[in-house]
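# Per-entry structural report
Listed below, chain by chain, are the residues.
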Amino acid sequence: MSFEWIVSIVSDNWPMFLRGAGITLLISIIGTIVGSVIGLLAGVIRTIPVPERAAKRIILKVVNIILSVYIEFFRGTPMIVQAMVIYYGSMLAFNIDMNALVAAVFIVSINTGAYMAEIVRGGVISIEKGQFEAAQAIGMNHIQTMLHVVLPQVIRNILPATGNQFIINIKDTSVLNVISVSELFFQTKSIAGNNFRYFESFFVACVLYFVMTYTVTLILRYFERKLDGPENYSMIGQPAQVTLTNTKES
Amino acid sequence: MDKVIDIQHLSKSFGAREVLKDIDFSVKKGEVVSIIGSSGSGKSTLLRCINLLEKPSGGQIIYNGENILDDKHDIHAYRTKLGMVFQQFNLFNNHNVLSNCVVGQIKVLKRSKEEAEKIAMKYLKVVGMDQYVNANAKQLSGGQKQRVAIARALSMEPDVMLFDEPTSALDPEMVGEVLKVMKELAESGLTMLIVTHEMEFAKEVSDRVVFMDKGVIAEEGSPEQIFNNPIQERTREFLKRTLK
């Protein structure tokens, strides 16, 4: 009976399952955070208005081309192939023997970065022009405008897309078993290889993946609500009494 | 009186379309100037050129004796000297009322938080919004938003306030509260440049009225002259259309 098998597989192998789930979470958390930072930087650079001076304009153009190549390349090739190319290629070309876990974090990060760059760019574009103009009108430069006015709004708006990316990362780290990272899929494969109970073992993995992704969903919802702030505001002092008479002495 | 802003031969084109043609125009300290004219006459563009939200195609903008279109001039420092009030309010959506008036002071003028909040509260009181410091922009009515936007600009303690059709996006019953605030400011001796469609208001508060038509200043003079004895035929026509 399958159910009894599941219980016995869990009780025999729970440390391996947990370690696998832990590695999966570790790779996807670091990958999502580093990828988001890459995406924010790339997205901000790609929305810098065209500068006046020729020299600056050329530098920006070159940087933008490099970013486009990066984004298009990593969005346009499967992560499982990138993993093979980067892991084995780095050994062949540069004689670097990458630790599989480091390679995994690296691959997920730059992949997420490529997707997040586009998400951030879309987020910046969606902010109304008036927000930029109002910030410039009080003397803010591009970086100040981004940091204090635009990006906080962009981050709020792209939070659902970022959560989506995080969930994709949790699931997609499973392809990294091809470079022998001991994440959840890899561990489950080893467990099933020992007991020949493929359905039951992978069913356990399935539940673990879902628990992780759903927890992430709930946490992100909480943050979204938190960022939206209270629905009502409190008035300070006495109810509305508009006084305009003290303009002159002030 | 000293000229705060002196514009010489200013022109602006969007592609092949010439929106401003050879504008000469100045604002003196303490003066309240209204710019009137039909839509597309270039009055908003002129205002936006003054604080460089639009880059002029030619001419000079002299601010306190310095040409701010010089390459080496610090645009950001110059903009802090001009308070801008937009038609669409443009309050920062990620800041509450107080924070809208404080963020520029802290980040651009490098004032301390305490000082910035004190100054912000002073001007929020001036516009009658000091009880709403905790509110977010989306919780306010149009008139309230615009009054906060005025307080935000005043909090930078600019030399000149620029108003770009500040009541055009408001429901009729909210126009009054914003105009009342602006009238108080005008009487307090602030230098103001107002692009407006509110003719009665322009007549009442302005020291000088500028009528723009097809990218040029067609006529300027005292409110009495412009509204009662306009010299130019096109000024008469415009006023006939708007004041019926």
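Our structure is the block above this text.
Now for a look at the structure at hand. (Residues numbered from 1 in each chain as written. Chains lettered and ligands numbered in written order. Predicted model: local features only at pLDDT ≥ 70, side-chain atom pairs only at ≥ 80, totals over all residues. Heavy atoms only, no water.)

### Overview of the sheet that holds strand β10 (residues 216-221) of chain B
Residue and element names in this part refer to chain B. Across the sheet, which stays open at both edges, the 6 strands sit in the order β6-β7-β8-β3-β9-β10 with mixed pairing between neighbours. The outermost strands of the open sheet, each flanked by one partner alone, are β6 (82-85) and β10. Taken pair by pair, the neighbouring strands of this sheet meet at an average axis angle of 20 degrees, ignoring direction. The pairing of strand β3 (residues 32-36) with strand β8 (residues 191-195) spans 4 bridges and is classified as parallel. Bridge pairing links Ser-34 to Ile-194 in β8. Those strands touched by helix α1 (residues 43-50) are β3, β6, β7 (160-164), β8 and β9 (208-213), and its axis lies near 145 degrees from that of β7. (Pairing = 2+ DSSP bridges. Helix = DSSP H or I, 4+ residues; strand = E, 2+ residues; numbered from the N terminus. Axes fitted to C-alpha atoms, helices over the stretch in contact; angles between N-to-C directions. Contact = heavy atoms within 4.5 Å.)

### So, unusual backbone geometry
For residues besides glycine, phi is generally negative; the peptide bonds are generally trans as well. All names here are of chain B. With a phi close to 50 degrees, Glu-157 is a non-glycine residue in the positive phi region. As for its placement among the helices and strands, Glu-157 is situated in the loop between α5 (142-155) and β7. A positive phi is found at Lys-214, a non-glycine position, where the angle reads about 50 degrees. In this structure, Lys-214 sits in the loop between β9 and β10. In this structure Lys-214 comes out as exposed when scored by relative accessible area, which is 59%. (Buried < 20%, exposed > 50% of the residue type's maximum accessible area, 1.4 Å probe, protein only.)

### Considering the interface of chain A and chain B
Each side of the interface is counted separately: chain A has 39 residues, and chain B has 44 residues. Around 3400 Å² of area is buried between chain A and chain B when both sides are counted, 55% of it from carbon and sulfur atoms. Applying the counting rule to chain A against chain B returns 1 salt bridge. Here B:Arg48 ties to A:Glu133 by a salt bridge, and the two come within 2.5 Å at their closest N and O atoms. Going through the elements one at a time, α5 (129-137) and α6 (142-172) of chain A are the ones with two or more residues in the side of chain A that touches chain B. With 8 residues, α5(A) is the single largest residue contributor to the side of chain A that touches chain B. (Buried area = accessible area lost by both parts, 1.4 Å probe. Salt bridge = Lys/Arg side-chain N within 4 Å of Asp/Glu carboxyl O.)

### Examining α1(B)
Residue and element names in this part refer to chain B. Taken across its 8 residues, α1 has 7 buried, putting it largely inside the fold. Among all positions in α1, only Lys-43, Thr-45, Leu-46, Leu-47, Arg-48, Cys-49 and Ile-50 are buried. Positive backbone phi, approximately 65 degrees, marks Leu-52, located one or two places after α1.

### Topic: the pattern of salt bridges
Residue and element names in this part refer to chain B. Under the counting rule described, the total for this entry stands at 20 salt bridges over all chains. The partner of Asp-6 in a salt bridge is Lys-3, with the nearest N and O atoms 3.9 Å apart. Residue class for Asp-6 comes out buried when judged on its relative accessible area of 15%. Judged by relative accessible area, which is 44%, Lys-3 ranks as partly exposed.

### Comments concerning the pairing of β10(B)
Residues and elements named next belong to chain B. Here 5 bridges tie β9 to β10, and the two strands are oriented antiparallel to one another. Paired with Val-209 across the two strands is Gly-221, which belongs to β10. The loop that links β9 with its antiparallel partner β10 comprises 2 residues; one of these, Lys-214, has a positive phi angle of about 50 degrees.

Any functional reading would require information that these geometric values do not contain.
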